[in-house]
Amino acid sequence: RAYFKARGAGCLALSSKQRTGMQGVKAAISAELAALLEKRAQRGMAGARTRVMVVGIPNVGKSTFINSFTGSARAKADKPGVTRGKQWISAGAYDLLDMPGVLWKKFESDEVAVNLAFIGAIRDEILDIETLAMNLLAQLQRMYPQRLAQRYRLEESDMALDAYDLLCAVGRKRGMLMSGGAVNTERAAIMLVDEFRASKLGRISLERPEEG
């Protein structure tokens, strides 16, 4: 948060699932629109509703945020990517516009595209799930080896394996075996990606602030 604030970007720490930090969001909106709200008051429109658009990439929890903001399940958020069209949701003095996720036309790097695929912002239907899982494992090996080893009870020797063999090790630890003892790598890949997206490996950031 300090990194973005130092660069003049608005940033708040909150949890939509735990419904914390919402008052900070409302305070930030009021501060940003202070001039507009003052004009409304001068014109006798102090009770006018404030419209807020909630925009972001797919599968980052926009509908979950709206439900936390309103204090009730108003936006459909039971399944990632479920918002198909615009919908207005009223909450106190606010009208929130829930939008389908949007992506920019061209990614600045392959790393950005891969990270978006990891979190489900790019539809799984157009990806090979095993390749995705192996790329994710390679990333976790490099950035969060202890969490990876702890979650799947991996040995030190396992952590030195290449991505495919590590996927097999994970599948073997979870008992995902087929006849003959071979690991069902597709099933292991689906499990791994699902658990990562469900934060079963803890709080993880795939991107870190630039140093210096």
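Residues numbered from 1 in each chain as written. Predicted model: local features only at pLDDT ≥ 70, side-chain atom pairs only at ≥ 80, totals over all residues. Heavy atoms only, no water.

Chemist: Just give me the short version of helix 7 (residues 145-152), but keep the residues and values in it.
Modeler: Residues separated by three or four positions in an α-helix point in the same direction, a consequence of the helix having 3.6 residues per turn. Of the residues making up helix 7, those classed as buried are Leu-148, Ala-149 and Tyr-152. Taken down its axis, helix 7 places every buried residue within 95 degrees of arc, on the same side. In helix 7, the exposed positions angled more than 90 degrees off the buried face are occupied by Gln-146 and Gln-150. Against helix 6 (129-143), helix 8 (163-173) and helix 9 (185-197) lie the buried residues of helix 7. The first or second residue beyond helix 7 is Arg-153, which carries a positive phi of 55 degrees. (Buried < 20%, exposed > 50% of the residue type's maximum accessible area, 1.4 Å probe, protein only. Helix = DSSP H or I, 4+ residues; strand = E, 2+ residues; numbered from the N terminus. Arc of directions from axis to C-beta. Contact = heavy atoms within 4.5 Å.)

Chemist: A description of the packing of aromatic side chains should follow, citing residues and the corresponding values.
Modeler: Using the criterion set out here, one finds two aromatic pairs in the structure. Relative to Phe-69, the ring of Phe-65 lies with its centre 5.9 Å away and its plane at 45 degrees, an arrangement referred to as tilted. Here the residue Phe-65 and the residue Phe-69 both occupy positions in helix 4 (residues 62-70), the gap between them amounting to four residues, near one helical turn. Like Phe-69, Phe-65 is buried. Aromatic side chains Phe-69 and Tyr-94 sit 5.3 Å apart centroid to centroid with 80 degrees between the ring planes, which places their arrangement in the edge-to-face category. Taken as a pair, Phe-69 in helix 4 and Tyr-94 in strand 3 (residues 94-98) lie far apart in primary sequence, 25 residues in all. A cation over a ring is seen here: Lys-26 above Phe-69, with NZ or CZ 5.0 Å from the ring centre. Of note, Arg-51 hangs over the ring of Trp-88, and the distance from its end group to the ring centre comes to 4.4 Å. (Phe/Tyr/Trp six-rings, centres within 6.5 Å; stacked < 30°, edge-to-face > 60°. Lys NZ or Arg CZ within 6 Å of the ring centre and 35° of its normal.)

Chemist: Which residues make up the nonpolar core, and what values do they have?
Modeler: In this structure, Leu-148, Tyr-152 and Leu-154 are the most contacted members of the largest nonpolar core, which totals 35 residues. Examining the composition of this core, we find that eight residues originate from one element, helix 6, more than from any other. Those residues in contact with Tyr-152, other than ones at most four positions away along the chain, are Val-170, Lys-173, Arg-174, Met-191, Leu-192, Glu-195 and Leu-201. Membership of the second largest hydrophobic core comes to twelve residues, among which are Ile-29, Val-54, Phe-65 and Phe-69. (Core = buried A, V, L, I, M, F, W, Y, C linked by side-chain atoms within 4.5 Å.)

Chemist: Give a detailed account of the packing of helix 6 against helix 9, specifying residues and quantitative values.
Modeler: Between two packed helices, both the angle of their axes relative to each other and the distance between the axes serve to describe the pair. In the contact formed by helix 6 and helix 9, the axes pass within 9 Å of each other and the chain directions differ by 55 degrees. With respect to helix 9, the axis of helix 6 lies oblique. The two elements helix 6 and helix 9 meet at a crossing, and its hand is left-handed. Every residue of helix 9 that contacts helix 6 at Ile-129, Glu-130, Leu-132, Ala-133, Leu-136, Leu-137 and Leu-140 is listed here: Thr-185, Glu-186, Ala-189, Ile-190, Leu-192, Val-193, Phe-196 and Arg-197. Of the residues assigned to the contact of helix 6 with helix 9, the class counts are eleven nonpolar, one polar and three charged. (Axes fitted to C-alpha atoms, helices over the stretch in contact; angles between N-to-C directions. Parallel < 35°, antiparallel > 145°, perpendicular 65-115°, else oblique. Left-handed = near helix turned anticlockwise from the far one by under 90°. Nonpolar A, V, L, I, M, F, W, Y, C, P; charged D, E, K, R; others polar.)

Chemist: Mind laying out the sheet that holds strand 1 (residues 50-54), listing which residues take part and the relevant values?
Modeler: Strand order in this open sheet of three strands is 1-3-2, and the pairing throughout is mixed. In this open sheet, the two edge strands, each paired with only one partner strand, are strand 1 and strand 2 (87-91). The mean inter-strand angle of the sheet, taken between neighbouring strand axes irrespective of direction, is 25 degrees. Across five bridges, strand 1 lies against strand 3 in parallel orientation. Paired with Val-54 across the bridge in strand 3 is Asp-98. (Pairing = 2+ DSSP bridges.)

Chemist: An account of the pattern of salt bridges is needed here, citing residue identities and associated values.
Modeler: Per the counting criterion, the structure on display carries four salt bridges. Arg-49 is the salt-bridge partner of Asp-95, the closest N and O atoms lying 2.9 Å from each other. Residue Asp-95 is located in strand 3, and its partner Arg-49 is located in the loop between helix 3 (34-42) and strand 1; the two are separated by 46 residues in the primary sequence. Owing to a relative accessible area of 13%, Asp-95 belongs among the buried residues under this scheme. Salt bridges here are not isolated pairs; linked through shared partners, they connect Arg-151, Arg-174 and Glu-195. (Salt bridge = Lys/Arg side-chain N within 4 Å of Asp/Glu carboxyl O.)

Chemist: Quick rundown of unusual backbone geometry? Include the residues and the values.
Modeler: Of note in this structure, Arg-153 is not a glycine but carries a positive phi near 55 degrees. Along the chain, Arg-153 falls in the loop between helix 7 and helix 8. Residue Arg-153 is classed as exposed on the basis of its relative accessible area, which comes to 69%.

Any functional reading would require information that these geometric values do not contain.
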